[in-house]
Amino acid sequence: MTRFFSLIGRGLLQHRAMMYLLVGFALFPLYTGFADLPFWNDVAIRIMLLGMAAMGLNLVLGYGGMVSFGHAAFFGIGAYCVGISSYYDIFNGWIHIGFSLVTCGLMGVIIGLLSLRTSGIYFIMITLAFAQMLFFAFVSLETFGGDDGMSIDRAEFGLIDLYEPLRLYFLVWAALVIVSLLLMFIVHSRFGVTLRAIKSNESRVEAMGLTPLKFKITAYVISAMICGLAGTLFASWQEYVSPDIMHWTRSGELMIIIILGGLGTLAGPLLGAIAFLLLEEFLPELIQAIAPDYAENWMIVFGPILIAIVMFGRGGLLGLLIKLFQRKGAS
Amino acid sequence: MTFTLFLEQAFNGFQAGITLFLIAAGLTLILGIMDFVFLAHGSQVMIGAYAAASLTALTQNFYLGILFAIPISFFAGYALEYLVIRHLYKRDHMEQVLATFGLILFFNEAIRVGFGPAALHSNLPASLSGFVYILPEIPYPEFRLLVILVGFACAIGIHLLVSRTRLGATVRAGASNAAMTAALGVNITRLRRLVFAIGACFAGVAGMMLGPLTSVEPGMGEPLLILSLVVIIIGGIGSVRGAFIAAIIVGMVDTMGRVMLPVILRSFMEQASADGAGPALASMMVYILMAVVLVFKPTGLFPPNR
């Protein structure tokens, strides 16, 4: 019985964490406005977008147990949807988003169906292979800038001019809220429960008369589309897109974000994105203060931090928060 | 496309393949026996290349440099296993991916701090920079031929080690059932460390041989790592024979594609865009090959018998 209540309490807390984060992002521009730190709005946009992509990946990784090492490809396809549309003089942002969702959905179906024939290490590697294939495909497309990429204008969203301060910020925020609500719904629906059941014991789910592949592929496609949406908005924010956006290290980055925040939790990826980008911002400064000569080499500290997180940080930041909260509650 | 060029590229492809095999051989055992996703194997290549290049500069002798660099590679692998890797065997694949990803970042940056971001020059001794006539009127660089020979010797060595020695037998046993092998009295901990060190050693040798051919720079291992992962997957995880065949195929496809594709594309495209698209399409072909293999044989071409 206590276990039942602690599970409910944990679920509630997770969603509360999500709610706090979303409200926090809504109020953040107030702070940057007063403190006159417009740069931090950009950091927050990057956090929200990488967090959104990580939330999408988390659906297959955390809830479905499919270790995809190629989700940067969908992020990149989403970004290139803006680039390619702009090249053909289509600047309407809604069309970009629609184009990106359809393309990523289709690619998700194709790549998902082919990759899901394998499992384990083979699945990790085949998803990586597809991502690399797309990476080199975009490198070879000279029309769209090839290796150098292409600069693009921010998309037009009807009356919302993205060049006005904060318009893009709240567009991204709104997308994040929609994605969060969608994922909250998915995770608690029968579909989500089945997905988690597949993660813990696939053959048992099959024995119950369900087809695991149907659930896995659906989750894969949804997560691809979420990553695509994040990529589309990312390209519009960056006003530039190049194959680097889908480099295999970005797939690694998205995984780091998820593990950092908490695997298979709703708020985890967003929390992880905050931690990851703050580390990226502050670690160089910290090293600058200690050893000024080596500020550029902050990765030398970041690598071991990653290893330490894997070795000691089970449950991620969210798990840590929950532990802290529960200890406080118990005493 | 002359016959000379074709033959030369075929040799280059073979040389690239055999170098890939040296990297992939250790990795396939690490993935196969320990079920461990080790992404930092590319860093072992880099460590080998840097050790050889800097020791060559120090001793002013290419052969001495190589001689000292081999044990360094071996102990780098040994130490890495002892310090980090052995704590990660029981973790799931994703955590292994992340931790070894962290190792890559660390090694690349450590090399950058230690040796600077620029590429190291590693000059060949005069005795190796000549040409050999493989056929009348077809010269081929001596060093590349040496790479092929050394690679071939290593490949035979690895084959004999795995299939003919007691160590190899335990390695194969460990690959098919680690728990049972341990129950039969094999010290699995030691076996793992040894396989890691030997794998690192061969990766290091590959790095030493690639040094004079490409550039010795931070991050040089990653493209090689990804290619050797492709090799392992095509060949079947844990199969040394599969890794050899797949390595030759991948090396050939990659090298020949780079040369042939622009030529083929030029027949129906403008020259400039054909030259631009060719190499990238060639790089794609390797991954297309892998995807095709996995779709038809989800466990690779030569999955080890289980």
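The shown structure was predicted, so the numbers you read here are calculated from the model rather than taken from an experiment.

Calculation rules
Residues numbered from 1 in each chain as written. Chains lettered and ligands numbered in written order. Predicted model: local features only at pLDDT ≥ 70, side-chain atom pairs only at ≥ 80, totals over all residues. Helix = DSSP H or I, 4+ residues; strand = E, 2+ residues; numbered from the N terminus. Rg over C-alpha atoms; globule rule 2.2 N^0.38 Å. Buried ≥ 20, exposed ≤ 12 C-beta atoms within 10 Å, placed from the backbone. Contact = placed C-beta atoms within 7 Å. Axes fitted to C-alpha atoms, helices over the stretch in contact; angles between N-to-C directions. Parallel < 35°, antiparallel > 145°, perpendicular 65-115°, else oblique. Left-handed = near helix turned anticlockwise from the far one by under 90°. Nonpolar A, V, L, I, M, F, W, Y, C, P; charged D, E, K, R; others polar. Core = buried A, V, L, I, M, F, W, Y, C linked by C-beta atoms within 7 Å. Expected span 1.5 Å × (residues − 1). Bend = angle between axes of the 7 residues up to and from the residue. pLDDT = per-residue confidence, 0-100.

(A) How the structure looks around the overall build of chain A. When helices and strands are tallied, chain A shows 13 helices and four strands. The C-alpha atoms of chain A give 20 Å as radius of gyration, which agrees with the globular expectation for 331 residues (20 Å, within 12%). Put simply, chain A has 331 residues, and 48% of those count as buried. Sequence-distant contacts, at least 24 apart, represent 77% of the contacts inside chain A between residues at least 6 apart.

(B) How the structure looks around the overall build of chain B. Counting secondary structure elements, chain B contains 11 helices and two strands. Reading the secondary structure of chain B in the N-to-C direction produces α-α-α-α-β-β-α-α-α-α-α-α-α. For chain B, whose C-alpha radius of gyration is 20 Å, the value lies close to the compact-globule estimate of 19 Å for 306 residues. Each principal axis of the C-alpha distribution contributes one length, and for chain B these read about 60 × 50 × 35 Å. Considering chain B as a whole, with its 306 residues, one finds that 51% of them fall into the buried category. At a minimum sequence separation of 6, the contacts of chain B that also span at least 24 residues come to 76%.

(C) Representation of the packing of helix α2 (residues 38-63) of chain A against helix α11 (residues 268-290) of chain A in the model. All names here are of chain A. At a minimum axis distance of 8 Å, the contact between α2 and α11 shows a crossing angle of 135 degrees. Viewed along their axes, α2 and α11 adopt a mutual orientation that is oblique. Of the two possible hands of crossing, α2 and α11 adopt the one that is right-handed. Judged by residue contacts, V43, R46, I47, L50, G51, A54, M55 and N58 of α2 engage G268, P269, L270, G272, A273, I274, L277 and E281 from α11. Within the contact of α2 with α11, the residues separate by chemical class into 10 nonpolar, four polar and two charged.

(D) Geometry of the interface of chain A and chain B. At the junction of the two partners, chain A supplies 37 residues and chain B supplies 41 residues. Going through the elements one at a time, α5 (121-140), α10 (248-261) and α12 (299-312) of chain A are the ones with two or more residues in the side of chain A that touches chain B. Tallying contributions element by element places α5 of chain A first for the side of chain A that touches chain B, with 13 residues. In the side of chain A that touches chain B, the residues fall into 28 nonpolar, seven polar and two charged.

(E) Quick peek at the nonpolar core. The biggest cluster of nonpolar side chains holds 204 residues, and the ones touching the most others in it are V230 and V231 of chain B. When sequence neighbours within four positions are dropped, the list of residues in contact with V230 of chain B reads A129 of chain A together with V250, V286, Y287 and M290 of chain B.

(F) Up close: α2 of chain A. Residue and element names in this part refer to chain A. For α2, built from 26 residues, the straight-helix expectation of 38 Å at 1.5 Å per residue is met to within 8% by its first-to-last C-alpha distance of 36 Å. Where α2 bends most, at L57, the angle is about 40 degrees. The element α2 is extensively covered by neighbouring structure, given that 19 of its 26 residues are classed as buried.

(G) The arrangement of the packing of helix α3 (residues 72-87) of chain A against α5 of chain A in detail. Residues and elements named next belong to chain A. One way to put it is that α3 packs onto α5 with a least axis distance of 9 Å and a crossing angle of 30 degrees. The pairing of α3 with α5 is recorded here as roughly parallel in orientation. Once α3 is placed against α5, the crossing between them reads as left-handed. Mapping the contact onto sequence places A72, A73, G76, I77 and Y80 in α3 and F130, A131, L134 and F138 in α5.

(H) Examining the environment of A173 of chain B more closely. With respect to the element layout, A173 of chain B can be found in helix α6 (residues 166-176). Sequence spacing of A173 of chain B and V253 of chain B is 80 residues, and the spatial spacing of their C-alpha atoms is 33 Å.

(I) View of the environment of T103 of chain A. All names here are of chain A. Relative to the helices and strands, T103 resides in helix α4 (residues 93-115). The spatial distance from the C-alpha of T103 to the C-alpha of F312 is 39 Å, given a sequence separation of 209 residues. Once you skip the residues sitting within four places of it in the chain, T103 turns out to touch I77, C81 and G228.

(J) A look at helix α1 (residues 3-34) of chain B. Residues and elements named next belong to chain B. Look at α1: 45 Å from first C-alpha to last across 32 residues, which is about the 46 Å you get at 1.5 Å a residue. Maximal helix bending in α1 amounts to about 30 degrees, located at A24. Taken across its 32 residues, α1 has 23 buried, putting it largely inside the fold. Positive phi appears at D35, one or two residues downstream of α1, with a value of about 50 degrees.

(K) Summary view of the confidence of the model for chain B. Here chain B shows a mean pLDDT of 82. Residues at 70 or above account for 93%. For this predicted complex, the interface score ipTM comes out at 0.79, alongside a pTM of 0.84.

(L) Main features of unusual backbone geometry. Residue and element names in this part refer to chain A. With a phi angle near 55 degrees, E239 is a residue other than glycine that sits in the positive phi range. For E239, the position within the fold is in the loop between α9 (212-238) and β4 (240-241). For E239, a count of 13 C-beta atoms within 10 Å corresponds to the partly exposed category.

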